[in-house]
Amino acid sequence: MSAPAETFGFQAEISQLLDLIINTFYSNKEIFLRELISNCSDALDKVRYQALTDPSALEAEKELFIRITPDAVNKTLTIRDSGIGMTKADLVNNLGTIAKSGTKAFMEALSAGADVSMIGQFGVGFYSAYLVADKVTVITKHNDDEQYIWESSAGGTFTIRPDTEGASLGRGTAMVLQLKEDQLEYLEEKKIKDIVKKHSEFISYPIQLVTVKEVEKEVEEEEEEPEKDEDGKPKIEEVDEDKEKKTKTVKESVTETVELNKTKPLWTRNPTDITAEEYGAFYKSLTNDWEDHLAVKHFSVEGQLEFKAILFIPKRAPFDLFESKKKRNNIKLYVRRVFIMDDCEDLIPEYLNFVKGIVDSEDLPLNISRETLQQNKILKVIRKNLVKKTLEMLSDIAEDKDNFAKFYEAFGKNIKLGIHEDAQNRSKLAEFLRFYSTKSGEEMTSLKDYVTRMPEAQKNIYYLTGESLSQVRDSPFLEIFKKKGFEVLLMVDPIDEYATTQLKEFEEKKLVCVSKDGLELEETEEEKAEREKETKEFEDLTRTIKDILGDKVEKVTLSNRIAHSPCVLVTGQFGWSSNMERIMKAQALRDSSMSSYMQSKKTLEINPHNSIIKELRKKVSEDAADKTVRDLTVLLYETALLTSGFTLDAPVDFASRIHSMISLGLSIDEDEPAAIEA
């Protein structure tokens, strides 16, 4: 008698996902087989890795394989592997009660119009079985547990029971799919072969297909009964010794196992012999991506150490590119064709975590552990080579403007993160940066192109950071640069602030922020003399403004950077810019003690040619203690806060000053009480 089954409820998000899979029409349902084979391959990788340190792990089943068995009579498709298997706890957690972080993200992607074939990238590939099956049964045996059966028709619950009657698997998992009536084509031998060739040709374990063939076989015909005489006794005839025995041909069903993926690992072949289609197929089987890759680099390193590698750059960024809990990279590490691990953090720096591929080393020991990997010198050399080859690949992409635009849209942040983290390759990475500028219009420009456009008088590369393009394009900080014809880079990505603190110069030209103190613009002798004269003339006004504003500003000076606006607020050369201050204030877990010394002292720069400032100077010379002077100074300071990218400390006070001006404009006496309607 079979053991009693325990019933469990699917986690809510998984139930929603199953509803979506079952009740929505998808044309490319064949991807279910790719996903299940990929899961089998992962299970085999795990047991093979375990066997490197514990050879007894393979005792129950020495052969590592994936076997597909179609059964046309019972309308089932069985996918079996001799991988690590699952314990009862694994079944409960992995197949139903604990939603992976990708479950919700995948559903959001689907509702946004994404393709169902993306399912593997979100870590929920198993549930794709319900694209073609009404019921899924999972029979599994782990070395540390009994054999169990998991079963569900996706109606919100699943059952688990010990397998006391079925044949022992030894070790591994068999998934039995009870196919829907309209999906029986997946039992056809040709269909299965086509899908495996298309999606899973480069899986590094044998994928076997169990086929039933009818073969013709010759068998002896049964001898006819001898004729009888009249008395009913058999007639006695002479036997001809030389007479041949008669045979006939009959059809017999024979079960055969065919291996579907005999292809040699792609990375071991000569790159010149491999077609673009083969690289594309390999990339898709490696990453579960449904789109082709953007670029590929296939190379081998020989000499003191040997390794082969294939690196790919995808067309799109994954949904969780910068999620801290995700796998750190997507490069599989093999040692002499044996898979070791696919999340080796030391193989490639974090900023290149979008690069996918495989590395096959000839020199690393097979039973290497994570701890010893970190100290391994061979790995450091491999890492250096992978970074170098990735940057070469980026240079190749950069030659095609459209392709590079696609790449930069997806992975521009990674390049900037590299500028921040990788001092060794900083100057090379800087070549791949792209920014909008005051002269580039709707297109982005590189630093190299910027330098070639610089007029002779210009010595530095100028940039301005801000929240959005529309905001920085109209910034008062750009006024003098537009007048002089100097180009300014416009940086509106928060990570630009971090990158520019590390990238001090490019091609021996300093990067200078136009909203910070200490801006030295190229001036003629006449301009210098004029400035000195104006500084003396406006000395009383700058002193009065400083007295009125007190600690709000560190100093008040005449500006060399504005042409039309009355004033701007600039920050210290080595502190935060106004944009950085905004970014830091938005950090949920920020350390407020750091803000106190990194928050820049502000300098108010006034424009001596502006009519408001000229009139204010007149008023100060007449009566510095005038209340109007005080009110107008504070108002000018507050408007400068806004136009310079800061936030107001007291918006209510600012509003009341604006209301006073509106009242003045409408000739309303402020002391009049508001009339209350009866």
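This structure is a prediction, so every number in the text was calculated from the model and none was measured. (Residues numbered from 1 in each chain as written. Predicted model: local features only at pLDDT ≥ 70, side-chain atom pairs only at ≥ 80, totals over all residues. Heavy atoms only, no water.)

(A) Seen up close, the pattern of salt bridges. Evaluation of the coordinates by the stated rule reveals 28 salt bridges. In this structure, the salt-bridge partner of Glu151 is Lys135, at a minimum N-O distance of 4.0 Å. Note that Glu151 is positioned in strand β5 (residues 147–152) and Lys135 in strand β4 (residues 133–141), a separation of 16 residues in sequence. Look at Lys135 and you get partly exposed, because its relative accessible area is 31%. Of the charged contacts, one joins Lys533 and Glu537 as a salt bridge, the two residues approaching to 4.0 Å between their closest N and O atoms. Placement of the pair is Lys533 and Glu537 together in helix α15 (residues 525–537), with a separation of 4 residues, close to one helical turn. Through salt bridges with shared partners, one network takes in Lys297, Lys389, Glu392 and Asp396. (Salt bridge = Lys/Arg side-chain N within 4 Å of Asp/Glu carboxyl O. Helix = DSSP H or I, 4+ residues; strand = E, 2+ residues; numbered from the N terminus. Buried < 20%, exposed > 50% of the residue type's maximum accessible area, 1.4 Å probe, protein only.)

(B) A look at the nonpolar core. By size, the foremost hydrophobic cluster in this structure holds 75 residues, and its most contacted members are Ile313, Leu386, Phe407 and Tyr462. Examining the composition of this core, we find that 8 residues originate from one element, helix α8 (residues 377–398), more than from any other. Formed by 65 residues, the second largest nonpolar core is a distinct cluster that contains Leu17, Phe122, Trp150 and Ile207. (Core = buried A, V, L, I, M, F, W, Y, C linked by side-chain atoms within 4.5 Å.)

(C) Structural detail: the sheet that holds strand β21 (residues 555–558). Reading across from one edge, β21-β23-β22 is the order of the 3 strands in this open sheet, with mixed pairing throughout. Sheet topology places β21 and β22 (567–571) at the edges, where each strand pairs with a single neighbour. Sheet twist, expressed as the average angle between the axes of neighbouring strands with direction ignored, equals 30°. Direction of pairing for β21 relative to strand β23 (residues 602–606): parallel, over a ladder of 4 bridges. Each bridged residue has a counterpart across the sheet, and for Thr557 the counterpart in β23 is Glu605. Sitting on the sheet, helix α20 (residues 627–643) is in contact with β22 and β23, with an inclination near 60° to β22. (Pairing = 2+ DSSP bridges. Axes fitted to C-alpha atoms, helices over the stretch in contact; angles between N-to-C directions. Contact = heavy atoms within 4.5 Å.)

(D) Spatial organisation of a nonpolar patch on the surface. Taken together, Ile662, Leu666 and Ile668 make up a surface patch of nonpolar side chains, about 290 Å² in accessible area. Tracing the backbone shows Ile668 in the segment after α21 (651–665). A relative accessible area of 45% places Ile668 in the partly exposed class. (Patch = residues over 30% accessible without salt bridge, like charges linked within 9 Å, V, L, I, M, F, W, Y side chains within 5 Å. Areas by Shrake-Rupley, 256 points an atom, 1.4 Å probe, with all protein chains shown as cover.)

(E) The environment of Leu417, seen in detail. Residue position: Leu417 is located in helix α9 (residues 401–421). With a relative accessible area of 15%, Leu417 lands in the buried category. The spacing of Leu417 and Glu350 is 67 residues in sequence and 8.7 Å in space, taken between C-alpha atoms.

(F) Spatial organisation of the side chain of Thr542. Note that Thr542 resides in helix α16 (residues 539–549). Only 2.9 Å separates the side chain of Thr542 from the backbone oxygen of Glu539, close enough to count as a polar contact. If sequence neighbours within four positions are ignored, Thr542 has contacts with Val556, Leu558 and Ile606. (Polar contact = N/O pair within 3.5 Å; in protein donor to acceptor, adjacent residues only side chain to side chain.)

(G) Fine view of the pairing of strand β15 (residues 434–437). Examined bridge by bridge, β15 and strand β16 (residues 445–446) share 2 bridges and lie antiparallel to one another. When the sheet's bridge partners are listed, Arg434 is paired in β16 with Ser446. Of the strand pairs in this sheet, β15 and strand β18 (residues 488–491) are connected by 2 bridges, and their pairing is antiparallel. What sits directly across from Tyr436, in β18, is Leu490.

(H) Structural context of α20. Taking 1.5 Å of rise per residue, the 17 residues of α20 would be expected to cover 24 Å, and the 24 Å separating its terminal C-alpha atoms lies within 8% of that figure. Listed in full, the buried residues belonging to α20 are Val629, Thr633, Val634, Leu635, Leu636, Tyr637, Glu638, Ala640 and Leu641. Where α20 is buried, its residues meet α16, β22, β23, α19 (611–622) and α21. At the exit of α20 stands Gly645, carrying a positive phi of roughly 95°. (Expected span 1.5 Å × (residues − 1).)

(I) Representation of the sheet that holds strand β17 (residues 461–465) within the structure. The strand order across the open sheet built from 6 strands is β16-β15-β18-β17-β20-β19, with neighbouring strands paired in mixed fashion. Where the open sheet ends on each side, the last strands, each with one partner, are β16 and β19 (505–506). Where β17 and β18 come together, 4 bridges link them in parallel fashion. Note that in β18 the partner of Leu464 across the bridge is Leu490.

(J) Highlighting the packing of α16 against α20. The interhelical angle for the contact between α16 and α20, taken along N-to-C directions, is 80°, at an axis separation of 10 Å. Between α16 and α20, the crossing angle belongs to the class labelled roughly perpendicular. Judged by residue contacts, Ile545, Ile548 and Leu549 of α16 engage Val629, Arg630, Thr633, Val634 and Tyr637 from α20. Taken together, the residues that form the contact of α16 with α20 break down as 6 nonpolar, 1 polar and 1 charged. (Parallel < 35°, antiparallel > 145°, perpendicular 65-115°, else oblique. Nonpolar A, V, L, I, M, F, W, Y, C, P; charged D, E, K, R; others polar.)

(K) Geometry of the environment of Thr137. Within the secondary structure, Thr137 is located in strand β4. Measuring from C-alpha to C-alpha, the distance between Thr137 and Val176 comes to 5.0 Å, with 39 residues separating the pair along the chain. Among residues more than four places away in sequence, those in contact with Thr137 are Ile149, Trp150, Glu151, Ala174, Met175 and Val176. Within the structure, Thr137 has its side chain in polar contact with the side chain of Glu151 (distance 3.0 Å).

(L) Structural view of the packing of aromatic side chains. Counting across every chain of the model gives 20 aromatic pairs. Centre to centre, the rings of Phe8 and Phe158 are 5.4 Å apart; their planes meet at 15°, and the pair counts as stacked. With Phe8 in strand β1 (residues 6–9) and Phe158 in strand β6 (residues 157–162), this residue pair connects regions lying 150 residues apart in the sequence. An angle of 80° between the planes, with centres 5.5 Å apart, marks the rings of Phe126 and Trp150 as edge-to-face. Of this pair, Phe126 sits in the loop between α4 (101–111) and β4 while Trp150 sits in strand β5, and the two are 24 residues apart along the sequence. Here Phe126 and Trp150 have matching classes, each one buried. An aromatic cluster is present here, built from Phe8, Phe10, Phe126, Tyr127, Trp150 and Phe158 joined pairwise through their rings. Note that Arg67 overlies the ring of Phe65, its terminal NZ or CZ placed 4.1 Å from the centroid. Over the face of the ring belonging to Phe538 we find Arg617, whose NZ or CZ atom lies 4.8 Å from the ring centre. (Phe/Tyr/Trp six-rings, centres within 6.5 Å; stacked < 30°, edge-to-face > 60°. Lys NZ or Arg CZ within 6 Å of the ring centre and 35° of its normal.)

(M) Just unusual backbone geometry, in detail. A positive phi angle, close to 50°, is found at Glu507, a residue other than glycine. Here Glu507 shows up in the loop between β19 and β20 (509–513). On the accessibility criterion, Glu507 (42% relative accessible area) is partly exposed. For Glu508, which is not glycine, the phi dihedral falls at a positive 60°.

(N) Seen up close, helix α5 (residues 189–199). Within the sequence span of α5, burial applies to Ile192, Ile195, Val196 and His199. One side of α5 holds all its buried residues, which, seen down the axis, span an arc of 95°. Seen from the open side of α5, the exposed residues pointing more than 90 degrees away from its buried face are Lys190, Lys197 and Lys198. (Arc of directions from axis to C-beta.)

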